[in-house]
Amino acid sequence: RVLLCTMVFFFVLLPVDIFYFQVGISLMDGVYYDIAGLVFIIGGYIAQIAVFIENTYAIPYVSNRAQPDQKVITTGLYRFVRHPMYSSFLIFAIGCSMFFGSYLAMLAVNMLAVSMVPRILEEEKVLKGYLEGYDEYCKEVKNRLVPGIW
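Residues numbered from 1 in each chain as written. Predicted model: local features only at pLDDT ≥ 70, side-chain atom pairs only at ≥ 80, totals over all residues. Heavy atoms only, no water.

A. A look at the nonpolar core. Tyr78, Tyr86, Leu90, Met116, Tyr134, Tyr137 and Leu145 are the most contacted members of the largest nonpolar core, which totals 21 residues. Elements represented by at least two residues in this core include exactly helix H3 (84–99), helix H4 (103–130) and helix H5 (134–140). When residues no more than four places from it in sequence are discounted, the contact partners of Tyr134 are Val72, Arg82, His83, Glu124, Leu127 and Lys128. (Core = buried A, V, L, I, M, F, W, Y, C linked by side-chain atoms within 4.5 Å. Buried < 20%, exposed > 50% of the residue type's maximum accessible area, 1.4 Å probe, protein only. Helix = DSSP H or I, 4+ residues; strand = E, 2+ residues; numbered from the N terminus. Contact = heavy atoms within 4.5 Å.)

Written out as structure tokens, the structure reads:
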């Protein structure tokens, strides 16, 4: 619920702050922010597509049982982080904030990242309980969300 509220907060703040961007009050102004934002938006979007191509079982909610032929995915972006769907959404959200010059939306992205932590921990607990090989995968891929950080 916290994650959902934070996502709503992000998508409400972004349009509100865009108003300021359009009338020239944005503090995050300049072509470099626009280009970097577009790179993040496109990169995050492509990463999302890659996740769903690589893992046909990727779903945006935590299920408490495995599908009959479900297996641990260790290829593609799953080689670097255990939750690339969340990582790619954060990249996309950062890009939106930069492109539209929204500091409020950037704040919401930070809140979104923090709100993902309990969800990720719960999801991993569930996956370790029913998905064969997930425990070993966690030992191999140490990063959950951001390579080299967590």
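B. Spatial organisation of the pattern of salt bridges. Overall, the coordinates contain three salt bridges when judged by the stated rule. Linking Arg82 and Glu124 is a salt bridge whose minimum nitrogen-to-oxygen distance equals 2.8 Å. Placement of the pair is Arg82 in the loop between helix H2 (31–54) and H3 and Glu124 in helix H4, with a sequence separation of 42 residues. On the basis of relative accessible area, Glu124 is assigned to the buried category, the value being 2%. Each of Arg82, Glu124 and Arg144 takes part in one network of salt bridges that share partners. (Salt bridge = Lys/Arg side-chain N within 4 Å of Asp/Glu carboxyl O.)

C. Layout of H3. Along its 16 residues, H3 runs 22 Å from first to last C-alpha, staying within 8% of the 22 Å computed at 1.5 Å per residue. Of all 16 residues in H3, twelve are buried; the element is thus mostly enclosed. Among the residues of H3, those classed as buried are Pro84, Met85, Tyr86, Ser87, Ser88, Phe89, Leu90, Ala93, Gly95, Cys96, Ser97 and Met98. At the exit of H3 stands Gly101, carrying a positive phi of roughly 65°. (Expected span 1.5 Å × (residues − 1).)

D. Layout of a nonpolar patch on the surface. On the surface, a nonpolar cluster with roughly 600 Å² of combined accessible area is contributed by Val31, Tyr32, Ile35, Val39, Phe40 and Ile91. No other element matches H2, which puts five residues into the nonpolar patch. Of note, Ile91 is situated in helix H3. Given a relative accessible area of 33%, Ile91 falls into the partly exposed group. (Patch = residues over 30% accessible without salt bridge, like charges linked within 9 Å, V, L, I, M, F, W, Y side chains within 5 Å. Areas by Shrake-Rupley, 256 points an atom, 1.4 Å probe, with all protein chains shown as cover.)

E. Spotlight on the environment of Phe89. Residue position: Phe89 is located in helix H3. Taking the C-alpha atoms as reference points, Phe89 and Phe40, 49 residues apart in sequence, are found 10.0 Å from one another.

F. Inspection of the environment of Ala105 at higher detail. With respect to the element layout, Ala105 can be found in helix H4. Overall, Ala105 belongs to the buried group, its relative accessible area being 0%. Between the alpha carbons of Ala105 and Ala93 there is a distance of 8.2 Å; along the sequence they are twelve residues apart.

G. Quick peek at the packing of H2 against H3. One way to put it is that H2 packs onto H3 with a least axis distance of 7 Å and a crossing angle of 160°. Taken together, H2 and H3 sit at an angle that is classed as roughly antiparallel. When the axes of H2 and H3 are compared, the crossing they make is left-handed. (Axes fitted to C-alpha atoms, helices over the stretch in contact; angles between N-to-C directions. Parallel < 35°, antiparallel > 145°, perpendicular 65-115°, else oblique. Left-handed = near helix turned anticlockwise from the far one by under 90°.)

H. Representation of H2 in the model. The end-to-end C-alpha distance of H2, which contains 24 residues, comes to 34 Å, matching closely the 34 Å that a straight helix rising 1.5 Å per residue would cover. Lining the buried residues of H2 we find H3.

I. The arrangement of the packing of H3 against H4 in detail. As a packed pair, H3 and H4 sit with axes 9 Å apart at the nearest point and diverge in direction by 175°. Relative to H4, the element H3 is oriented roughly antiparallel. In this structure, H3 contributes Tyr86, Phe89, Leu90, Ala93, Ile94, Ser97 and Met98 to the contact, and H4 contributes Ala105, Met106, Val109, Leu112, Ala113, Met116, Arg119, Ile120 and Glu123. In terms of residue class, the contact of H3 with H4 is made up of 13 nonpolar, one polar and two charged. (Nonpolar A, V, L, I, M, F, W, Y, C, P; charged D, E, K, R; others polar.)

Geometric values such as these leave the question of function open.
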